Protein chains: 2
Amino acid sequence: MATIKDIAKAAGVSLATVSRVINDGPKVGDKTRARIKTIMKEMGYRPNANARALVNQKSASLGVVIAELADPFFATLAHGIETIARKKNVQVLLSTGSIEAKTELKAIETLLEHRCEAMVVHSKALKDSVLIELAKQIPGFILINRYIEEIKHQCVWLDNIAGGQLMANHMLKLGHKKFAVVSSKYQIDDPYQRLDGIRQALIKAGVELNEENIEYSSPDQEGGEIAMQNLLTRGADFTAVLGYNDAMAAGAMTTLLDQGYHVPDDISVIGYDDVLLSRYCRPKLTTLKYPIEMMASQAAELALSFASQPNLRESNKDKTYKYTPTIIKRESVLKTR
Amino acid sequence: MATIKDIAKAAGVSLATVSRVINDGPKVGDKTRARIKTIMKEMGYRPNANARALVNQKSASLGVVIAELADPFFATLAHGIETIARKKNVQVLLSTGSIEAKTELKAIETLLEHRCEAMVVHSKALKDSVLIELAKQIPGFILINRYIEEIKHQCVWLDNIAGGQLMANHMLKLGHKKFAVVSSKYQIDDPYQRLDGIRQALIKAGVELNEENIEYSSPDQEGGEIAMQNLLTRGADFTAVLGYNDAMAAGAMTTLLDQGYHVPDDISVIGYDDVLLSRYCRPKLTTLKYPIEMMASQAAELALSFASQPNLRESNKDKTYKYTPTIIKRESVLKTR
DNA sequence: TTGTATGCGTTATCAG
DNA sequence: CTGATAACGCATACAA
């Protein structure tokens, strides 16, 4: 592959001159510039990003760490980031962490080896202390979907407690008094916080939430189905089902439907996230909108600008980037009769 | 960030020695090796991937070009690639092409600037000639979901004609004689080929497919809804609906249900792809399995091995990597009464 | 306006 | 077993 040197030789000029026209530097004669440009075209010259990164000490790239590309939620997240990256002309380096401390760390380290100084990472398994350390070292480090007080100015996150309250209150407002929760079995913050929010709202309303009416399972459709089967088998009594996410809610709904219940007439079901599936399933799922794409885009922009202007980050030390979910009313929730 | 030089200084040895322990090179004393290793740990040394790529003339990365991360189909594709990349310890560089010639080319060129010699690209908009040129230049260039005779040994693709035949034949076997097709309006090969397969099967069975019963729309749920609305408005007569993909089929189904038709009792609907949604929607969609994740994984492996052993590619010049879809029977298709 | 020289972090080829 | 040293492709301070 042609290098800057080859171009220089072909054009009968020095490396420096070629480098200048590549970078649109000043101080180059118009004729020389034009001539060199055509030669570059002819020879199919492509700047070597690695060499550039090496000499510039920065990489024009944006790292992304997410759990799993196959999960629609993360795909949307990645998409939000990718959109910004393309606009800013930076390459995205993608790594997956699969919600395991070891893998998440490895993913970040790989990114670090590529010297990408801007990255948005979704980490659930890594400890606060590790993340704080990383965040301090890496100028454009942005944590998405997690809040850590010490580095809150590098966190773009959703208020899950508010979310839990919101979904419970929505049901309460419609007259529901008997609740079941289909939660995630993973020991990470999100399910705790959402459950917390739910509990707070119910307590405030004076409604009891029997621990037996909370089922923990894998946060996917199958997990939702199983959880609902368990609830039903146990003879749990409820008219409102709160799902940890849309997949679980949809799964729970499937089981209910299969068992002859009517949704929403007999039982109302609400999801969380508002991924595509909530619009596809029948009845269409009432859910909470998790503005993940918007959040991801903001995270990407923050990462990029903090990386290029570290002082900008310091001057915003007391800021944080909090989002709140909103209710999307569709067909799976109804007033109690 | 600490460099190899810093380590050398701290350890009181030369660069060469440090480099050797980093690469597990031979000829280093055990004590020296151990000492250097601890020093590297202490100083938090991380090899600079850019410098490495520069001197090695290769990049330990895998480029991916797809249309849109937000599309579940592409997310699954990307996931298949990512799985292999992680196993082989290479970084994935992701770029999107959004089915536009210009953008697709730009995406590939960016990858090229990063000197990644292995890449799997999904291109629909670029011309054969351009792709052929690229494929010849780049050792590990693999084209996914597209077949080009001249570079067939670098193509991993699905037989869409066979797919079209398959879906039509499935309906025929169940007694259907009145067909409607909900196709994509994009001027790319896939819809043509699928339609071709459908036509071939119907002709062979002596069943007529009225051109008025083919509707072209955007290949998503909304497009499916609109297409079906048009069909219905026009008073088209059919008992079997063949969708371009699952999203369109689901959309068509939604409209049918909304209009009071029963699926599959009145009308049968079949999709294509077997993405998540086909299992979530109600009734569950009968569809064709597009083994995209498997294909993507194979593509990634091919790309990586061709990149590291170019001769291997040459010795397989007459091979190609063709896949055939299979029917996944679920709930949206029934025998005609 | 153009050219020369140096260094970015690493690997590899030599000597020692 | 270990150490100099020359690349790799590029940008830039400094000369001319």
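Since we're looking at a predicted model, the values are computed, not measured.

Glancing now at the sheet that holds strand 7 (residues 214-217) of chain A. Residue and element names in this part refer to chain A. The strand order 7-6-8-9 describes an open sheet built from four strands, whose pairing is parallel. A single partner strand is all that each edge strand has here, and the edge strands are strand 7 and strand 9 (268-270). In this sheet, neighbouring strand axes are inclined to one another by 15° on average, regardless of whether the strands run parallel or antiparallel. Note that strand 8 (residues 240-243) and strand 9 share three bridges and pair parallel. Bridge pairing in strand 9 links Leu242 to Ile270. Seen against the sheet, helix 10 (residues 221-233) touches strand 6 (179-184), strand 7 and strand 8 and runs at an angle of roughly 145° to strand 7.

All right, on to the protein's contact with DNA strand C then. Near DNA strand C you find 28 residues, and of these A:Arg20, A:Gly29, A:Thr32, B:Ile4 and B:Tyr45 are the closest. At 2.9 Å, a backbone N or O of A:Ser14 approaches a phosphate oxygen of DNA strand C. The contact in question runs from a phosphate oxygen of DNA strand C to an N or O atom on the side chain of B:Asn23, over 3.2 Å. Looking at the surface near DNA strand C, the element that brings in the most residues is helix 4 (residues 49-56) of chain B, giving four residues.

Following the criterion strictly, the structure yields zero disulfides over all chains and no others. The structure places no disulfide on B:Cys116, whose sulfur is separated from the nearest cysteine sulfur, that of A:Cys116, by 15 Å. Classification of B:Cys116 by relative accessible area gives buried; the value is 1%.

Turning next to helix 4 (residues 49-56) of chain A. Because each turn of an α-helix spans 3.6 residues, side chains separated by three or four positions end up pointing in the same direction. Buried residues of helix 4 of chain A: A:Ala49, A:Asn50 and A:Ala53, and no others. An end-on view of helix 4 of chain A places all buried positions within 100° of arc, on one side of the element. Contacts made by the buried residues of helix 4 of chain A are with helix 4 and helix 6 (101-113) of chain B. By the N-cap criterion, in which a side-chain oxygen at the helix start approaches the backbone nitrogen of a residue two or three places on, helix 4 of chain A is capped by A:Asn48, the distance to A:Asn50 being 2.8 Å. Downstream of helix 4 of chain A by a residue or two, A:Gln57 has a phi angle that is positive, lying close to 60°.

The two copies are related by a screw operation: chain B maps onto chain A through 180° of rotation and 0.1 Å of translation along the axis, at an RMSD of 0.1 Å. What the rotation and shift describe, once combined, is the action of a two-fold rotation axis. When the interface residues of chain B are mapped onto chain A, 98% of them are again interface residues, pointing to one common binding face.

The subject of this paragraph is the nonpolar core. Ranked by size, the top nonpolar core spans 156 residues in total, and within it A:Leu62 and B:Leu62 carry the most contacts. If you look at the next biggest cluster of nonpolar residues, it comprises 42 residues, including A:Ile108, A:Ile151, B:Ile132 and B:Leu143.

Here we come to the packing of aromatic side chains. Residues and elements named next belong to chain A. Applying the stated criterion to the full structure yields eight aromatic pairs over all chains. Between Phe73 and Phe74, the aromatic rings sit 5.4 Å apart at their centres with planes inclined by 85°, giving edge-to-face as the arrangement. Residue classification places Phe74 among the buried positions, given a relative accessible area of 7%. Ring centres of Tyr272 and Tyr290 lie 6.5 Å apart, and the angle between their planes is 75°; on these two criteria the pair is classed as edge-to-face. Separated by 18 residues along the polypeptide, Tyr272 in the loop between strand 9 and helix 12 (277-280) and Tyr290 in the loop between strand 10 (287-289) and helix 13 (292-308) bring together distant segments of the chain.

Our next topic: the pattern of salt bridges. Residues and elements named next belong to chain A. Under the criterion given, the structure shown has 31 salt bridges over all chains. Its salt-bridge partner being Arg146, residue Asp128 comes within 2.7 Å of it at the nearest N-O pair. With a gap of 18 residues between them, Asp128 in helix 7 (residues 128-137) and Arg146 in the loop between strand 4 (140-144) and strand 5 (155-158) connect regions that are remote in the sequence. Looking at Asp128, the relative accessible area reads 39%, which means it is partly exposed. With its nearest N and O atoms 3.4 Å apart, the salt bridge here joins Asp159 to Lys322. Here Asp159 is found in the loop between strand 5 and helix 8 (160-173), whereas its partner Lys322 is found in strand 11 (residues 321-323), with 163 residues between them in sequence. Taking relative accessible area as the criterion, Lys322 reaches 46% and is therefore assigned partly exposed. Salt bridges sharing common partners tie together Lys124, Asp190 and Arg194.

About the thresholds
- Residues numbered from 1 in each chain as written.
- Chains lettered and ligands numbered in written order.
- Predicted model: local features only at pLDDT ≥ 70, side-chain atom pairs only at ≥ 80, totals over all residues.
- Heavy atoms only, no water.
- Pairing = 2+ DSSP bridges.
- Helix = DSSP H or I, 4+ residues; strand = E, 2+ residues; numbered from the N terminus.
- Axes fitted to C-alpha atoms, helices over the stretch in contact; angles between N-to-C directions.
- Contact = heavy atoms within 4.5 Å.
- Near = heavy atom within 4 Å.
- Polar contact = N/O pair within 3.5 Å; in protein donor to acceptor, adjacent residues only side chain to side chain.
- Disulfide = S-S within 2.5 Å.
- Buried < 20%, exposed > 50% of the residue type's maximum accessible area, 1.4 Å probe, protein only.
- Arc of directions from axis to C-beta.
- Least-squares fit on C-alpha atoms with pLDDT ≥ 70 in both.
- Core = buried A, V, L, I, M, F, W, Y, C linked by side-chain atoms within 4.5 Å.
- Phe/Tyr/Trp six-rings, centres within 6.5 Å; stacked < 30°, edge-to-face > 60°.
- Salt bridge = Lys/Arg side-chain N within 4 Å of Asp/Glu carboxyl O.

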